[in-house]
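Breakdown of the fold
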Amino acid sequence: MAAAAGPQSTLGPADTIIESSFGERVSLSGSPLSRWMGWRLRMLVLAALIGCLGLFLVTRMMAGLPRIDASWRPNPQGLVELARAADPALAPFVGQVLVAAQANGRTVQVEDALTLQRSARWVIDDQMRARHHLIHEDLDSVLSQATVRLAFADGRSVLVQPMPRGFAGLPAMYWLLCGFALLLYLVAMIVLMAKPNGRNLLYAVLSLSQAGNLVFIAIEATLDLALPSAFAHLDLPMRVGFDLVTAAAIVNAACVHPRRLPGGAVIAFAAWSGAIGLTWLVGTDRLPHGWWWVQIAVMIYGLVMVGLMSWSYEIEPHPFATVLRRFGLVTLGTWLLLTVALAAAVANPGVHQNIASVGSMVWYVFFASLLLLVPFLSRSQQMMREFSMLAAVSTVATSLDLLFVAVFSLGQFASLTLALFVSLAVYSGARQWILNQLLGSSMLTTERMFEQLYRIAREVEAHPDRTPGLLTQLLRELFEPMEAVLVERNVSATRVSGDGSTLIVPVPELAGDAVPAGRSIVIRFANRGRRLFTREDARLTDRVVEQLRRAVAFDKAVEQGRSEERARLAQDLHDDIGARLLTLMYKAQSPEMEEYVRHTLQDLKTLTRGLAAPNHRLSHAAAEWKADLAQRLTAAHVQLDWNFESDEDILLSVVQWSALTRVLRELVSNAIAHARATRVDVEFSLRSGRLELIVGDNGEGRNPRAWSHGLGLGGVRKRVKQLGGEVEWRELEPRGIVCQVTLRDFSPRP
């Protein structure tokens, strides 16, 4: 995909799963803000009110539920033990094992730590999951009574009065998780309302499912001895549904973004059918080993998504496919760690309960943070990226900690220390690589950047109309995009468009008014489609353009200063040295001396005229060179063979004219003074911007590689290099030396 030959009229459709491009489209098209201040805004406000109201109702219900002001924990034998009691009546029983709860003649046996399991979603065994449901239903019925008797293993019992916890009694974790869920919900609504379409609807489904998971986890965080009966009934089918719907939505999104895949509709239909069917089977207890089916299904869906992203990248490299594939691999890895840890700890109820409560919560928070990050990948600041990195490390550390406890039976301190050590080691070693892979870095080195800026500044000064093409070339070398297009768009500043796949750069007026206003350069798919553009890239581009602007202005100022200084020197030479030579010519004592001074005076006039002129026509300069060389060689009794060819009569700058004049004079002087030649051949050709100057003689010079380059030959090399060319001396057969000067890109100057 090369840069377009002509301007394009549109940017084309947005290509992002998160079509949150409202602000971009307004700035591009000039649409009034009132278009946004309509039904979308009203729907967004309504959705926000519904979310806040729903969360308030849930919180109000949780605050009104009666509870015993005490905390419980599993002991090493897997039994329920009183850990802390704020009620003075329970204080003497701290450390005792609870065996039963009684109210209104009904007794519920508390047999093991399964009572403290917060969610049936993470109970592996089918029979234990059914018993878990019955235990919490019975306990909720007992604890809802006015008084409850708690019986302990030492034979003692105590009568307590459950009281509503109130809003202040809800734990901090509940508020944090609910706030996170509300934030995820609002982001989903903003993305959907910004541009309602199928892709954004999929993102909304993903976010709403995970917001539901976070709300359930927040409710479970309030667990003392029992969940509310309503949530105990809904926990398994809803949590399984959230996970499978999320997996199906991810697969569906991979089928349509960053490009629609062949057969994507069939794949998406199969994914949704499988998710809905498996949710119904597991939610109704019709499928044995349902927990394993769900875990494996989620992993299969994740692998399918990674495969689809790889396939999409092979069809057309797109940075978003690379980013989503990496996110998918990290998410699958942590999901696998969590699954293995739970399966390994099934024989230890206390460890299993800890993994199910802490490990699953950390994983869902991590996954929700990724969902929050996705719409803002190209706009996120360093803090957002670091947050996602630390969330991933926390997830890995927690999973490893629980896995070490479950598999190797390590103590809590030892397993936590080892998990943190491994996670931080991986983080330290891979952090910069991951950030570079995700966001990339500039391709050009500092040295090459300065060289390019200087070269382009000179080109822009000479050809202002070539500014768009030259700037596009610089951006290509800077970002290595797959596509660069010049469009008729009026953009006020450089910015990232869509999901970070596109960077829009306004074409500046660097030299005069030669560039039409309202044009922009659109570059897509940085680093050959392997990374996204970011705001840092936009700021870097603005700095590059500003430096280019300054370089052009500086070069103009320098050239103006040079012109003024050359004019002053030419005037001084004409007024002072010219007058002295003229006086000397009239006082010459012989005709030979008068003729020599006359030619010297003519050379001085040619030099001062050349210094004073801002530029020189090539044909005029060639005629002056030929006349000058013929005069000098004739005086030395040397024959001149002059050949000049040019496909364009360009204008030479003073720098070009001066350098070529001195190179010719120096080469001819060497042929006269050192080679003792009787003939000098000069060939000057300019074809398609390539200049070749060949000066040969039939003198006595041999072995140019052994020459010491003093002021003469060194000056030739310096001036040729100043023009960006190459110079080479070699022997001629049977005798003589030839010097070849080559300028591969000899640009005309105004």
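Keep in mind the model is a prediction, meaning the values are calculated, not measured.

**Examining the sheet that holds strand 5 (residues 106–109)**
Pairing within the open sheet is antiparallel, and its four strands lie in the order 5-4-6-7. Edge strands, defined here as strands with exactly one partner in the open sheet, are strand 5 and strand 7 (157–160). Averaged over all pairs of adjacent strands, the angle between strand axes in this sheet comes to 20°, irrespective of strand direction. Helix 3 (residues 126–143) rests against strand 4 (98–103), strand 5 and strand 6 (148–152) of the sheet, and its axis sits at about 135° to strand 5.

**Digging into the confidence of the model for the protein chain**
Summarising the model, the protein chain shows a mean pLDDT of 79, and 76% of its residues fall at 70 or more. When pLDDT is averaged over each element of the protein chain, helix 7 (residues 264–283) comes out on top at 94 and helix 1 (residues 22–29) at the bottom at 37. Predicted confidence is poor over residues 380–384, with pLDDT under 50, and the contacts of this stretch with residues over four places away or in other chains come to nine contacts. Ignoring residues within four places in sequence, the model shows residues 438–444, a span with pLDDT below 50, making 23 contacts including any to other chains.

**Notes on the pairing of strand 7**
The side-chain alternation of strand 7 yields one buried face, formed by Val158 and Val160, and one unburied face, formed by Ser157 and Leu159. Looking at chain direction, strand 6 and strand 7 are connected through four bridges and run antiparallel. When the bridges of strand 7 are listed, Ala151 appears paired with Ser157. Linking strand 6 to strand 7, which pair antiparallel, is a turn of four residues; within it Gly155 sits at a positive phi near 95°.

**Digging into the packing of helix 8 (residues 290–315) against helix 9 (residues 319–344)**
Contact geometry for helix 8 and helix 9: axes closest at 9 Å, N-to-C directions at 160°. Our classification of the angle between helix 8 and helix 9 gives roughly antiparallel. By crossing handedness, the relation of helix 8 to helix 9 is classed as left-handed. Contact residues: helix 8 offers Trp291, Trp292, Gln295, Val298, Met299, Gly302, Leu303, Met305, Val306, Met309, Ser310 and Tyr313, while helix 9 offers Ala321, Thr322, Leu324, Arg325, Gly328, Leu329, Leu332, Trp335, Leu336, Thr339, Leu342 and Ala343. Here the contact of helix 8 with helix 9 is built from residues that sort into 17 nonpolar, six polar and one charged.

**A word on a nonpolar patch on the surface**
A cluster of nonpolar side chains, namely Leu53, Phe56, Leu57, Phe167 and Trp175, defines an oily patch on the protein surface of about 510 Å² accessible area. The greatest single-element share of the nonpolar patch, amounting to three residues, is contributed by helix 2 (residues 39–64). Here Trp175 is to be found in helix 4 (residues 172–194). Taking the relative accessible area as the measure of exposure, Trp175 reaches 41% and is therefore partly exposed.

Cut-offs applied
- Residues numbered from 1 in each chain as written.
- Predicted model: local features only at pLDDT ≥ 70, side-chain atom pairs only at ≥ 80, totals over all residues.
- Heavy atoms only, no water.
- Pairing = 2+ DSSP bridges.
- Helix = DSSP H or I, 4+ residues; strand = E, 2+ residues; numbered from the N terminus.
- Axes fitted to C-alpha atoms, helices over the stretch in contact; angles between N-to-C directions.
- Contact = heavy atoms within 4.5 Å.
- pLDDT = per-residue confidence, 0-100.
- Buried < 20%, exposed > 50% of the residue type's maximum accessible area, 1.4 Å probe, protein only.
- Parallel < 35°, antiparallel > 145°, perpendicular 65-115°, else oblique.
- Left-handed = near helix turned anticlockwise from the far one by under 90°.
- Nonpolar A, V, L, I, M, F, W, Y, C, P; charged D, E, K, R; others polar.
- Patch = residues over 30% accessible without salt bridge, like charges linked within 9 Å, V, L, I, M, F, W, Y side chains within 5 Å.
- Areas by Shrake-Rupley, 256 points an atom, 1.4 Å probe, with all protein chains shown as cover.
- Salt bridge = Lys/Arg side-chain N within 4 Å of Asp/Glu carboxyl O.

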